[in-house]
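Each chain, written out:
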Amino acid sequence: MSYCVFWMRRDLRLEDNAGLYYALSSGFAVIPFFVFDRNILAKLDDVEDRRVNFIYNRLAYIKKQLKELGSDLLIASGDPVEEWGALINQFNISSVYWNRDYESYALQRDGHVRNMLAQRGIDVHTFKDHVLFEKEDLTKADGRPYTVFTPFLRKAYEKLGYMPSRPDMPLKIKAFPSDDHLNKLWKERQKPIPSLGSLGFQVQKCPEVIPELSPVRMKAYAENRDIPSIEGTTQIGIHLRFGTLSIRSAARKAAKYSPVLLSELLWRDFYSMILQAFPRVETKPFRLEFEGIEWENDPVKFDAWCKGCTGFPMVDAGMRQLNASGFMHNRLRMLTASFLVKHLLVDWRWGEAYFASKLLDYDLASNIGGWQWAAGCGTDAAPYFRIFSPDAQQQRFDPQFTYVRKWVPEYGTSRYPAPIVHHAFARDRFLRLAKAAFNKDN
Ligand SMILES: Cc1cc2nc3c(=O)[nH]c(=O)nc-3n(C[C@H](O)[C@H](O)[C@H](O)COP(=O)(O)OP(=O)(O)OC[C@H]3O[C@@H](n4cnc5c(N)ncnc54)[C@H](O)[C@@H]3O)c2cc1C
């Protein structure tokens, strides 16, 4: 008996899944396969990492769904190339399907797996699923990638057939009704899922239910999204990150009820496209002149920032929300990132790595994009000399200190630290250093 395999990775759902849909249309019984990637897990030094828990719980859920249909999800753990080697020795596999991932490690890993499968005469078919647009789908007239968001957005709207004045018009997005064809799955029972302990992690609480994108919530999004003390944003980041929610279904709903939310979803596509077109941004600033800045990189100040003890209440509240919950409101991501780079003169890569270790919705492309934007070295025109004042941000977005008091209860008492740096001094210092760096290369 010949099979085809669908390799599940950042697309942990059975519905509206492009790769799964095409696998199920192949004519062969489909084996869904997942590998806990040892190379990725080994880099996570927190045994309580909630993202591993999130993936684990979701796989257990999918396994249960499949068992109810008389099928199963095959789960391995180890090095993906080795695990694929073992799989093709176990089954007669004619073809393999997966959805594309654009991060450098994933590209390399997928290349190795693809080569190995090609040597055994097995076809590989890959699909766009994680984003609405890939690099080639949306380019400037000369074929080059957009590097500024607003024209990118305009073009994206055009391609989607989206008109904010006509929200009732359906978006031009293809649907992949994979869940209508689950009878094409293989019908064997497999071993139970390996325990979290055997993978080196402890059981933790983590978000499981996908937040409802209700019309009421989405209609209020534009007004509420900038107020950190209320739940004004959707909190769907982790679900888009691991594909428990399809970006296509999120975009369709947003288009109907909230143009602002649709444009935010397109920021995610924009940053993914930047990473695809300029892979160097994974480690280097888009504006290379920024490399000329001499960072202070004081580990004591960095530690105070990580712990939320800088003496700037809004910054501290953001960092404490991150440390305690794995989430940080976007307004605070912008402020804390800017503060680390511009006030404390710490290399943006330190902060980017810290966010990567803590954010449940950590996504390489969006995190890099957000950090480079906040630092002033990214694609957008946001100039390096626009420096957030923590006090002004406080006045504007949390004037009653509601958010601050929630996360920094000792604020206003003698236990709260004095400011770690003087705002005006830090501002002038950064401007001087950044100007020098930018002028040197000009
Ligand atoms: C320094 C910095 C680091 C960031 N790191 C990440 C990250 O690792 N992962 C991540 O998903 N987002 C990141 N963002 C973008 C944004 O802060 C989060 O997407 C958002 O706060 C997630 O909460 P939400 O789902 O409630 O967002 P909502 O406001 O409800 O937005 C819905 C979805 O739209 C997308 N989105 C919204 N804003 C942005 C944006 N500016 N850039 C890219 N996508 C966006 C996200 O997928 C988000 O889940 C970062 C922003 C900054 C300034």
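Residues numbered from 1 in each chain as written. Predicted model: local features only at pLDDT ≥ 70, side-chain atom pairs only at ≥ 80, totals over all residues.

Where do I start with the site of the ligand in this structure?
The local shell around the ligand holds 27 residues, among which Thr233, Thr234, Gly237, Asn367 and Gly370 are the closest. In terms of residues, the shell around the ligand owes the most to one element, helix α15 (residues 364–375), which gives six residues. In terms of residue class, the shell around the ligand is built from twelve nonpolar, nine polar and six charged. Built from parts of two domains, the shell around the ligand gets at least three residues from each of domain 2 (135–172 + 214–277) and domain 3 (281–437). (Near = placed C-beta within 6 Å. Helix = DSSP H or I, 4+ residues; strand = E, 2+ residues; numbered from the N terminus. Nonpolar A, V, L, I, M, F, W, Y, C, P; charged D, E, K, R; others polar. Domains from an automatic or database assignment.)

Before we go on, may I ask you to explain the packing of helix α6 (residues 149–160) against helix α10 (residues 259–277) in this structure?
Between two packed helices, the angle of one axis relative to the other and the distance separating the axes together describe the packing. Following both chains from N to C, one finds α6 and α10 inclined at 110°, their axes separated by 10 Å at the closest point. The angle between α6 and α10 places the two elements in the roughly perpendicular class. Residue-level inspection shows Phe149, Phe152, Leu153 and Ala156 of α6 in contact with α10, the latter providing Ser263, Leu266, Trp267, Asp269 and Phe270. A per-class count over the contact of α6 with α10 returns seven nonpolar, one polar and one charged. (Axes fitted to C-alpha atoms, helices over the stretch in contact; angles between N-to-C directions. Parallel < 35°, antiparallel > 145°, perpendicular 65-115°, else oblique. Contact = placed C-beta atoms within 7 Å.)

Looking at this model, I keep getting lost on the domain arrangement of the protein chain. Mind explaining?
A common way to report how large an interface is uses the accessible area buried once the components associate. By domain assignment, the protein chain separates into domain 1 (2–130), domain 2 (135–172 + 214–277) and domain 3 (281–437). For domain 2 and domain 3, the distance between their C-alpha centres works out to 25 Å. Those elements giving two or more residues to the side of domain 2 that touches domain 3 turn out to be α8 (237–241) and α10. Tallying contributions element by element places α10 first for the side of domain 2 that touches domain 3, with five residues. Split into classes, the residues belonging to the side of domain 2 that touches domain 3 amount to eight nonpolar, six polar and three charged.

Could you clarify how one ought to interpret the nonpolar core in this entry?
Most often, soluble globular proteins keep nonpolar side chains buried together rather than apart. In terms of nonpolar packing, the biggest core is built from 69 residues, with Ala250, Ala251, Ala254, Leu265 and Leu275 touching the most fellow members. Counting the residues that make up this core, at least three belong to each of domain 2 (135–172 + 214–277) and domain 3 (281–437). In contact with Leu265, other than residues within four places in its own chain, are Ile247, Ala250, Ala251 and Ala254. Core analysis: the second largest hydrophobic core is formed by 46 residues, Cys4, Val5, Val52 and Val113 among them. (Core = buried A, V, L, I, M, F, W, Y, C linked by C-beta atoms within 7 Å. Buried ≥ 20, exposed ≤ 12 C-beta atoms within 10 Å, placed from the backbone.)

Please explain the pairing of strand β2 (residues 29–37) as it appears in this structure.
Two faces, one strand: in a regular strand the side chains alternate between the faces of the sheet. Of all nine residues making up β2, seven are buried, and the element is well covered by its neighbours. Sheet topology places strand β1 (residues 2–7) next to β2; five bridges connect them, and they run parallel. Paired with Cys4 across the two strands is Val30, which belongs to β2. Between the parallel pair β1 and β2, the chain is carried across by helix α1 (residues 18–24), and the sense of this crossover is right-handed. Summarising the sheet, β2 and strand β3 (residues 74–78) pair through five bridges and their orientation is parallel. Paired with Phe33 across the bridge in β3 is Leu74. (Pairing = 2+ DSSP bridges. Right-handed = clockwise from strand over helix to strand, strands pointing away.)

It is not clear to me how the environment of Asp361 should be interpreted in this structure. Could you clarify?
Mapped onto the fold, Asp361 is located in the loop between α14 (348–358) and α15. Given 19 C-beta atoms within 10 Å, Asp361 falls into the partly exposed group. In sequence terms Asp361 and Lys67 are 294 residues apart; their C-alpha atoms lie 29 Å from each other. Ignoring sequence-local partners within four residues, the contact set of Asp361 consists of Gly237, Ile238 and Arg241.

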